[in-house]
Amino acid sequence: MFKIYDISMTIDPSMQVYKNNETKLPKITNVSNHDNGQAVYESRLDLDVHCGTHVDAPLHMLKDGETIETIGLEQLIGYARVVDLTHCEVCITRADLEPFHLQRNEWVLFKTRNSFSEAFDFNFVFLREDGARYLVELGIRGLGTDALGIERAQPEYPTHRALFRNNIIIVEGLRLKDVTPGNYFMAIAPLKLTGLDAAPARAFLIGGM
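Residues numbered from 1 in each chain as written. Predicted model: local features only at pLDDT ≥ 70, side-chain atom pairs only at ≥ 80, totals over all residues. Heavy atoms only, no water.

### Focus on the overall build of the chain
- A tally of helices and strands in the chain yields 3 helices and 12 strands.
- Against the globule reference of 17 Å for 209 residues, the chain gives a C-alpha radius of gyration of 18 Å, in line with a compact fold.
- Structurally, the chain occupies a C-alpha span of about 60 × 45 × 30 Å along its principal axes.
- Here the chain, with 209 residues, has 49% of them falling under the buried criterion.
- Once local pairs closer than 6 in sequence are excluded, the contacts in the chain between residues at least 24 apart make up 73%.
- Put simply, the chain shows about 11000 Å² of open surface, and 51% of that area lies on carbon and sulfur atoms. (Helix = DSSP H or I, 4+ residues; strand = E, 2+ residues; numbered from the N terminus. Rg over C-alpha atoms; globule rule 2.2 N^0.38 Å. Buried < 20%, exposed > 50% of the residue type's maximum accessible area, 1.4 Å probe, protein only. Contact = heavy atoms within 4.5 Å. Areas by Shrake-Rupley, 256 points an atom, 1.4 Å probe, with all protein chains shown as cover.)

Dropping the structure here:
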């Protein structure tokens, strides 16, 4: 037997968005419904590509960086390890990561206090530059975080850029509150977009009961 853990944010007009910026809120408009004599019910969605759970592409932070369609599904499906970083109050450092003995080509998902709030926290736990460079040294394959950003308050975005320049995939906006740290089979499916800097995604883990 196995259990599926949905680790995606729900897309909703009142959801948390980065820095509570109203221009980033999704807009859902009903364009046809049964009450106004129409035969069909249809809606329209206006969505920022960095809204909710999403996969970043290198173009997001690197001039002439690769776009979202260059990240294949085969890179986003496989085994991943959820690590417990709920003790980190401000940021995740090299010292915080070293005890986990992460391995080359691992997918790593950060479970922090970010997962326990549905309101945007301007002081969200982020990955500090030294932590990012440690992950580069290890040669991990991908990194997921439960914040809407992998970093904050770092001039020139060194965390993003170090990861992107070393072909490490970044997923932001995960929900890991109900997930016990450990190993899972992971699937992340971004919308099939092209030429863009990110794509919203549905993400889930499969583990034992």
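### Considering the packing of helix H2 (residues 129–138) against helix H3 (residues 158–165)
- H3 packs onto H2 with a crossing angle of 10° between their chain directions and a minimal axis gap of 8 Å. In terms of their interaxial angle, H2 and H3 are classed as roughly parallel. Listed contacts from H3 to Glu129, Ala132, Arg133 and Val136 of H2 are Pro158, Thr159, Ala162 and Leu163.
- Among the residues making up the contact of H2 with H3, the classes are represented as 5 nonpolar, 1 polar and 2 charged. (Axes fitted to C-alpha atoms, helices over the stretch in contact; angles between N-to-C directions. Parallel < 35°, antiparallel > 145°, perpendicular 65-115°, else oblique. Nonpolar A, V, L, I, M, F, W, Y, C, P; charged D, E, K, R; others polar.)

### Digging into the layout of surface pockets
- Approximately 400 Å³ is the volume attributed to the largest pocket.
- What lines the largest pocket is a set of 23 residues, and nearest its centre among them are Tyr18, His60, Leu148, Gly149 and Glu151.
- Counted by class, the lining of the largest pocket contains 10 nonpolar, 7 polar and 6 charged residues. (1 Å grid on protein atoms, 1.4 Å probe; cavity = no way out; pocket = protein on both sides within 12 Å on 5 of 7 lines; lining within 4 Å. Points joined across faces, edges and corners; volume = space filled by probe spheres on them.)

### Notes on H2
- Of the residues making up H2, those classed as buried are Gly131, Ala132, Tyr134, Leu135 and Leu138. End-on, the buried residues of H2 take up no more than an arc of 155°, which puts them together on one face.
- Where the residues of H2 are buried, they touch strand E6 (91–92), helix H1 (94–97), strand E7 (107–111), strand E8 (126–127), strand E9 (142–145) and H3.
- Count one or two residues on from H2 and you reach glycine 139, which has phi positive near 80°. (Arc of directions from axis to C-beta.)

### Topic: the packing of aromatic side chains
- Here the structure, examined in full by the defined rule, presents 6 aromatic pairs.
- Their ring planes at 85° and their centres at 5.4 Å tell us that tyrosine 79 and phenylalanine 185 sit as a pair that is edge-to-face. Of this pair, tyrosine 79 sits in strand E5 (residues 77–84) while phenylalanine 185 is found in strand E11 (residues 182–190), placing the two residues 106 residues apart along the sequence.
- Judged by centre distance (5.0 Å) and plane angle (85°), the rings of phenylalanine 120 and phenylalanine 122 are edge-to-face.
- Among the aromatic residues, ring-to-ring pairing joins Tyr18, Phe120, Phe122 and Phe124 into one connected group.
- Between the NZ or CZ atom of arginine 152 and the centre of the ring of phenylalanine 124, over which it lies, the distance is 5.7 Å. (Phe/Tyr/Trp six-rings, centres within 6.5 Å; stacked < 30°, edge-to-face > 60°. Lys NZ or Arg CZ within 6 Å of the ring centre and 35° of its normal.)

### With respect to the pattern of salt bridges
- Evaluation of the coordinates by the stated rule reveals 11 salt bridges.
- A salt bridge links aspartate 130 to arginine 128, with the nearest nitrogen and oxygen atoms 2.7 Å apart.
- Since its relative accessible area comes to 28%, aspartate 130 is described here as partly exposed.
- Residue arginine 128 is classed as partly exposed on the basis of its relative accessible area, which comes to 36%. (Salt bridge = Lys/Arg side-chain N within 4 Å of Asp/Glu carboxyl O.)

### Focus: the environment of isoleucine 170
- Relative to the assigned elements, isoleucine 170 resides in strand E10 (residues 169–172).
- What makes isoleucine 170 buried here is its relative accessible area of 0%.
- Sequence separation between isoleucine 170 and asparagine 105 is 65 residues; the distance between their C-alpha atoms is 14 Å.

### Regarding the pairing of E11
- As paired strands, E5 and E11 are joined by 6 bridges and run antiparallel to one another. Within E11, the position partnered with arginine 81 by the bridge is asparagine 183.
- As paired elements, E11 and strand E12 (residues 198–208) share 6 bridges and run antiparallel to each other. From the neighbouring strand, phenylalanine 185 faces E12, where its bridge partner is isoleucine 206. (Pairing = 2+ DSSP bridges.)

All we've got here are geometric facts, nothing functional implied.
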